[in-house]
Amino acid sequence: MDTENKIIVLDFGSQYTHLLARRVRDLNVYSEIMAPTALADELKKAKGIILSGGPQSVYAKDAVAFNPEIFSLEIPVLGLCYGQQLIAHELGGKVEPGETKEYGTAKLVAEESELFNRVPKEFTAWMSHGDKVKELPIGFTQIGSTNDCEYAAIMDDEKRIFGLQFHPEVTHTENGLQIISNFVFDVCNCEKNWTMQNFLGEKIESIKKEAGDKNVFLLLSGGVDSTVCLALLDKAIGSERIHALHVDTGFMRKGESAFVKTELEKLGINEVHVADAEEEFLKKLKGIYDPEEKRQIIGKLFVEIAMQEIENMNFDTETWLLGQGTIYPDTIETGGTENAKKIKTHHNRAPIIMEMIEKGNVIEPLNQLYKDEVRELGKLLGLPENLVERHPFPGPGTAIRILCSNGKEKIDEALEKKIIKVAKEDGFEAKLLPVKAVGVQGDNRTYSNAVVLEGTLDYSALENASTKITNKFTSVNRVVFLLRPRGIDSLELKEAYLTKDRIEILKEADAIAMETIKERGLLHEIWQFPVVLLPVDFNGKGQGIVLRPVYSKEAMTAKFAKLGPSVLEEMVEKIKAIKGVGAVMLDITHKPPATIEWE
Ligand code: XMP
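Residues numbered from 1 in each chain as written. Predicted model: local features only at pLDDT ≥ 70, side-chain atom pairs only at ≥ 80, totals over all residues. Heavy atoms only, no water.

1. Considerations on the overall build of the protein chain
The condition is simple: Numbering of helices and strands starts at the N terminus; helices are DSSP runs of H or I of at least 4 residues and strands are runs of E of at least 2. The globule rule is 2.2 Å times the number of residues to the power 0.38, and the radius of gyration it is compared with is taken over C-alpha atoms. Accessible area is worked out with a 1.4 Å probe on protein chains only. A residue is then buried under 20% of its type maximum, exposed over 50%, and partly exposed in between. It only takes one pair of heavy atoms within 4.5 Å for two residues to be counted as in contact. For accessible areas, the Shrake-Rupley method is used with a probe of radius 1.4 Å. Any residue's cover is judged against the shown protein chains and nothing else. Charge assignment in this entry is limited to Lys and Arg as positive and Asp and Glu as negative, and neither His nor the chain termini are counted. By convention, charge coordinates are those of NZ in Lys, CZ in Arg, CG in Asp, or CD in Glu.
A count of helices and strands for the protein chain gives 17 helices and 25 strands. Relative to the globule expectation of 25 Å for 599 residues, the C-alpha radius of gyration of the protein chain, 26 Å, shows essentially globular dimensions. Once the C-alpha set of the protein chain is aligned to its principal axes, its extents read approximately 70 × 65 × 40 Å. Residue burial in the protein chain is summarised as follows: out of 599 residues, 59% are buried. If you take every contact in the protein chain between residues at least 6 apart in sequence, the share linking residues at least 24 apart comes to 76%. Of the roughly 25,100 Å² of accessible surface on the protein chain, 48% is carried by carbon and sulfur atoms. In the protein chain, which carries 73 positive and 93 negative side-chain charges, the distance between the mean positions of the two groups comes to 5 Å.

In structure tokens, the structure reads:
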């Protein structure tokens, strides 16, 4: 079997798995994430295997299942944290269950090893573990230690198996990228051939092969991914063989559908078909307030409309493929890959589409790429920057940013009293908001209350209070800060659903937020900026808007963005002038415990 110039990352459930795979790609080497149960035939194609970290102990009864052949394939293996413990445990060493946790940076003293080529003898490493290796398997030697961890780095030189107790993939580890680079090049002998230009050339060929003489029916949501996907398909098979359908759900950003259509047509794409389905969506969503139910309805109707169009044009699988702009993170569930609990339903993986994928009737040419790689590809294809640099936007669009309610949610007053007390310690007034939002804890989805704080905009105190509140009260997963008005006299939950007037309010507020960060040159540094509408009336003046700017890489984890006071001021002044808005708030919760979106 031919080996491919790639590294496989086996995912044992670390929050850093995607980051690790990205680090390898940053070295111009292709990386792929797989489940630890991947078959030997698949694994053998790689030049090296990296075992990610993971939250469990190798002794846990439900420890992530893996294929033990990993260690006998004669391919170099690097285990990180849990991965290192697994190596020791599996190959006859001993792992000591952790009574104390080592968390934070430590000084690592490195011995001579290919892994530490071009790395100083002493450097800072990021540790985050409970268990640790106590006895090495036969054939292994120690190549690095810290004060608290004797076997911080180990290797079996002959078998080419390496283990690190620390995380070289996180930026807190000095020389971390160099260590990964040493494994990829010095140990695995990979070549630097993963560039967008190469990918583009190869992908055009593979699309031609995959499509054969079939045409492609492309579902164009209008976001960055599907737009780039269309430009790529156009380059490969020509737009006369593509039928691009944009289902206008009514939940796009202000003016965005028209903008995307015009830009694509400028590029020479003949025609983007638009199905104007806003009324249909609103009808189906009437009276619905549960977030998952909203998603299910939107996903189902979206697919139904697409299928209707397919029928109208006599689509048959002998002559047509269904195209989607699915990107890599959408295809991988992190957190033990197979063991991950579903957090939110995405509609490019709706059951009917899954069926078509299994039958080989779907083409997804971007499913190997991360978001910023998609952007790079888009630019190579000639798409303008203001199109490819747009923020990620969820399939269900603004529908999941307009919270709905039957007006019956009651707040737990005893809980509120306790929260008020804790918030006071950091100098804030607090109130429980009568709405619930989605969050994530470990790999579990939560659906809990949000808290609003009032006081002065002091980010360090706010971050403190937010972390304290969400740690202390498990039924709270989100904290916001009140920007306007200066105080809350009354808070009233309203019965509110997805209606035109609410969509309009959100669109206006969202457009203001986007314009402001663009003008201030903040578009790149902010990963995403949802603007959210709450079904809550403030001071009898109107509904609440929440600003949710975040910093992130690939959206697996995120930090709330600390926007400067003058930027906030500018947005607030404009947003509060929108008819129907009674308050403007800023979300000050990281992910976890909150998610980026509120629903
Ligand atoms: P969360 O809210 O889970 O979001 O932190 C992570 C990323 O996924 C996007 N997202 C979605 N994308 N359909 C999509 O296509 C969805 O239903 C959906 N929900 C969340 C979100 O915008 C963020 O970039």
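Next comes the rest of the description.
2. Things to note about the nonpolar core
Defined as follows: Within this scheme, the nonpolar core is defined by two criteria: the residues are buried Ala, Val, Leu, Ile, Met, Phe, Trp, Tyr or Cys, and they are joined through side-chain atoms within 4.5 Å. Domain segmentation is taken from an automatic or database assignment of domains.
By size, the foremost hydrophobic cluster in this structure holds 80 residues, and its most contacted members are Leu453, Ile469, Phe529, Leu547 and Ile575. Residue contributions to this core peak at nine residues, all from helix 9 (residues 291–312). Three or more residues apiece are contributed to this core by two domains, here domain 2 (196–396) and domain 3 (413–587). Look past the residues within four positions of leucine 547 in its chain and what remains in contact with it is Leu483, Phe529, Pro530, Val531, Leu568, Met571, Ile575, Val584, Met585, Leu586 and Asp587. Counting 39 residues, the second largest nonpolar core, distinct from the first, contains Met127, Cys149, Leu164 and Ile332.

3. Section: unusual backbone geometry
In this structure, proline 485 follows arginine 484 across a cis peptide bond, with omega equal to 0 degrees. At the junction of lysine 591 and proline 592, the peptide bond is cis and its omega measures out at -15 degrees in the coordinates. Here asparagine 28, not a glycine, exhibits a phi torsion of approximately 65 degrees, which is positive. Structurally, asparagine 28 is set in the loop between helix 1 (17–26) and strand 2 (30–34). A residue is classified by how much of its surface remains accessible, and asparagine 28, at 26% relative accessible area, is partly exposed. In the Ramachandran plot, arginine 160 falls in the positive-phi region, its phi being about 60 degrees despite a non-glycine side chain.

4. What to know about empty space enclosed by the protein
Worth spelling out the cut-off: Cavities and pockets were defined on a 1 Å grid built over protein atoms only: a cavity is a set of grid points that admits a 1.4 Å probe from which the probe cannot escape, a pocket is an open set flanked by protein on both sides within 12 Å along at least five of seven lines, and lining residues are those with an atom within 4 Å of any such point. Grid points are joined across faces, edges and corners, and a volume is the space filled by probe spheres set on the points. Under the scheme applied, nonpolar residues are Ala, Val, Leu, Ile, Met, Phe, Trp, Tyr, Cys and Pro; charged residues are Asp, Glu, Lys and Arg; polar residues are all the others, including Gly.
Using the criterion set out here, one finds two cavities of 30 Å³ or more in the structure. As a volume, the largest cavity reaches approximately 70 Å³. What lines the largest cavity is simply Ser221, His246, Val247, Thr249, Phe251, Met252, Phe302, His347, Gly395 and Gly397. Looking at side-chain class alone, the lining of the largest cavity contains four nonpolar, six polar and no charged residues. For the second largest cavity, the calculated volume is near 40 Å³.

5. Concerning the domain arrangement of the protein chain
To be explicit about the condition: In short, buried area is how much 1.4 Å probe accessible area vanishes from two parts on joining, totalled over both. Salt bridges are defined as contacts in which a side-chain nitrogen from Lys or Arg sits within 4 Å of a carboxyl oxygen from Asp or Glu. Residues adjacent in sequence count toward polar contacts only when both atoms are side-chain atoms; beyond that, a polar contact is any pair of N or O atoms within 3.5 Å, and within protein one must be able to donate a hydrogen and the other to accept it.
Taken domain by domain, the protein chain consists of domain 1 (6–187), domain 2 (196–396) and domain 3 (413–587). Counting residues at the interface gives 30 residues for domain 2, matched by 24 residues for domain 3. At the boundary of domain 2 with domain 3, total buried surface from both sides reaches about 2,400 Å², with 59% on carbon and sulfur atoms. Among the salt bridges present, the one from arginine 445 reaches glutamate 292, with a minimum N-O distance of 3.8 Å. The tally of links between domain 2 and domain 3 comes to six residue pairs in polar contact (both at pLDDT 80 or more). Residues of the side of domain 2 that touches domain 3, tallied by class, amount to 13 nonpolar, five polar and 12 charged.

6. Concerning the pairing of strand 3 (residues 48–51)
Rules: Any two strands are treated as partners once DSSP identifies two or more bridges connecting them.
The two faces of strand 3 match: Gly48 and Ile50 on one face and Ile49 and Leu51 on the other face are all buried. Across four bridges, the pairing between strand 1 (residues 6–10) and strand 3 is parallel. Counted as the bridge partner of isoleucine 7 is glycine 48 from strand 3. Relative to strand 4 (residues 77–80), strand 3 runs parallel, the two being bridged by three bridges. Bridged to isoleucine 49 within strand 4 is valine 77.

7. Focus on helix 12 (residues 371–380)
Along helix 12, the residues classified as buried are Lys371, Glu373, Val374, Arg375, Leu377 and Gly378. Buried positions along helix 12 lie against helix 1, helix 5 (196–211), helix 6 (224–237) and helix 13 (385–388). Within two residues after helix 12, glycine 382 carries a phi angle of roughly 95 degrees, on the positive side.

8. A word on the sheet that holds strand 16 (residues 362–363)
The line we're drawing: Axis lines are fitted through C-alpha atoms, for helices just across the contact stretch, and the angle between N-to-C directions can take any value from 0 to 180 degrees.
Spatial strand order, 14-13-12-15-16: five strands in an open sheet with parallel pairing. In the strand order of this sheet, the two ends are held by strand 14 (272–276) and strand 16, each with one partner. Taken together, the four bridges between strand 12 (residues 215–219) and strand 13 (residues 242–248) define a ladder with parallel strand orientation. In the sheet register, leucine 218 faces strand 13, and the bridge partner there is alanine 244. The sheet contacts of helix 7 (residues 256–266) involve strand 13 and strand 14, and relative to strand 14 the element is tilted by about 165 degrees.

9. Examining the environment of glycine 397
By secondary structure assignment, the location of glycine 397 is in the loop between helix 13 and helix 14 (413–425). On a C-alpha basis, the gap between glycine 397 and threonine 249 in space is 8.4 Å, while along the polypeptide they are 148 residues apart.

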